[in-house]
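Letter by letter, the chains look like this.
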Amino acid sequence: MEHPAQRVSALMERYASGDDAVFDQLYDLTASRLYGFCLRLTGDPPAADDLFQETYLRVHRARSTYLPGSDVLHWAFAIARSAYRDRLRYWRRRPEHLGSLDDAAQQAAQQPDEGNTPDAELTADHLAQVVTVELQKMSETNRSAYVLLREEGVSLKEAAAILGASPDAVKQRAHRAYQQLRAALRRAQGTEGSP
């Protein structure tokens, strides 16, 4: 039986060589993780939607540069991050209101888990909102390293390749992000002085 990553790689190789008929299958196998990555980078569902679409457009344009056998999602993550950095540069030159940073947390709060008590749901929603807001406060390099390593489960070596940095630099960035999130969660829970 073919491993899912091998299947995605085989589909991408066909797509890279011009076989447009496999795009729907490739999309079905990669879209949810790629969208999740875009959402964690932006922290805003409308911005994530735009970044997600831009990423697939760039994947299409760059498909001939795909190296056979390489991890398709990691290649797409690098493209998404590049598109996101381009957007950040654009937004810095043209400041405008782009939406609430906590839209993702608000959306999650609208879908309570029926197994939890109301107090537990409020606490979980509040902590999710703290994480979402804090991720947006940190530098893009720290946020990207954290999301790749902690949320996407990408190896340190692969994250370094995606981010174009040394493994040590990626580890340090992710650690700084983790410390920042941990401090924010402690403040939110009122346990600032706890170890």
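Scroll up a little and you will see the structure.
Residues numbered from 1 in each chain as written. Predicted model: local features only at pLDDT ≥ 70, side-chain atom pairs only at ≥ 80, totals over all residues. Heavy atoms only, no water.

Participant: How should I be thinking about helix α9 (residues 167–189) in this particular structure?
Facilitator: Along an α-helix, a turn takes 3.6 residues, which lines up residues three or four apart on a common side. For α9, spanning 23 residues, the distance from its first C-alpha to its last is 33 Å, which sits close to the expected 33 Å at 1.5 Å a residue. When α9 is considered as a whole, its buried residues turn out to be V170, R173, A174, A177, L181, A184 and R186. A positive backbone phi angle near 75° is found at G190, which sits one or two residues after α9. (Helix = DSSP H or I, 4+ residues; strand = E, 2+ residues; numbered from the N terminus. Expected span 1.5 Å × (residues − 1). Buried < 20%, exposed > 50% of the residue type's maximum accessible area, 1.4 Å probe, protein only.)

Participant: Can you walk me through the nonpolar core in this structure?
Facilitator: Among soluble globular proteins, nonpolar side chains are generally buried collectively. M12, L26, L34, F37, F77, L148 and V170 are the most contacted members of the largest nonpolar core, which has 44 residues in total. For this core, the secondary-structure elements that each account for two or more residues are α1 (4–16), α2 (23–42), α3 (45–62), α4 (72–93), α6 (118–137), α7 (140–151), α8 (156–163) and α9. For this core, the element with the most residues is α4, which contributes 10 residues. Contacts of F37, omitting those with residues within four sequence positions, involve F77, A80, R81, V147, L148 and E152. (Core = buried A, V, L, I, M, F, W, Y, C linked by side-chain atoms within 4.5 Å. Contact = heavy atoms within 4.5 Å.)

Participant: Explanation requested: the packing of α1 against α2 in the structure shown.
Facilitator: If you want to describe how two helices pack, look at the angle between their axes and the distance between the axes. Axis separation between α1 and α2 bottoms out at 9 Å; the angle between their running directions is 145°. As α1 packs across α2, the resulting crossing turns out to be left-handed. Of the residues in α2, those touching α1 at R7, V8, L11, M12 and Y15 are F23, Q25, L26, L29 and T30. Looking at the contact of α1 with α2 residue by residue, the class counts come to seven nonpolar, two polar and one charged. (Axes fitted to C-alpha atoms, helices over the stretch in contact; angles between N-to-C directions. Left-handed = near helix turned anticlockwise from the far one by under 90°. Nonpolar A, V, L, I, M, F, W, Y, C, P; charged D, E, K, R; others polar.)

Participant: For this particular structure, what's the right way to read α2?
Facilitator: Of all bends in α2, the biggest is about 50°, found at T30. Looking only at α2, the buried set comprises L26, T30, A31, L34, F37, C38, L41 and T42. (Bend = angle between axes of the 7 residues up to and from the residue.)

Participant: Got a minute to help me understand the packing of aromatic side chains in this structure?
Facilitator: How two aromatic rings sit relative to each other is set out by the distance from centre to centre and by the angle between their planes. What the rule picks out here adds up to nine aromatic pairs. Relative to Y56, the ring of F23 lies with its centre 6.0 Å away and its plane at 85°, an arrangement referred to as edge-to-face. Within this pair, whereas F23 is found in helix α2, its partner Y56 is found in helix α3, the two being separated by 33 residues in sequence. In this structure F23 comes out as partly exposed when scored by relative accessible area, which is 24%. Ring plane angle 85° and centroid distance 5.1 Å describe the contact between F52 and Y56, whose orientation is recorded as edge-to-face. Residue F52 and its partner Y56 are located together in helix α3, separated by four residues, close to a single helical turn. As far as burial versus exposure is concerned, F52 and Y56 are alike and both buried. Ring pairs connect the aromatic residues Y15, F23, Y27, Y35, F52 and Y56, which therefore count as one cluster. Taking the ring centre of Y178 as reference, the NZ or CZ of R150 above it sits at 4.4 Å. (Phe/Tyr/Trp six-rings, centres within 6.5 Å; stacked < 30°, edge-to-face > 60°. Lys NZ or Arg CZ within 6 Å of the ring centre and 35° of its normal.)

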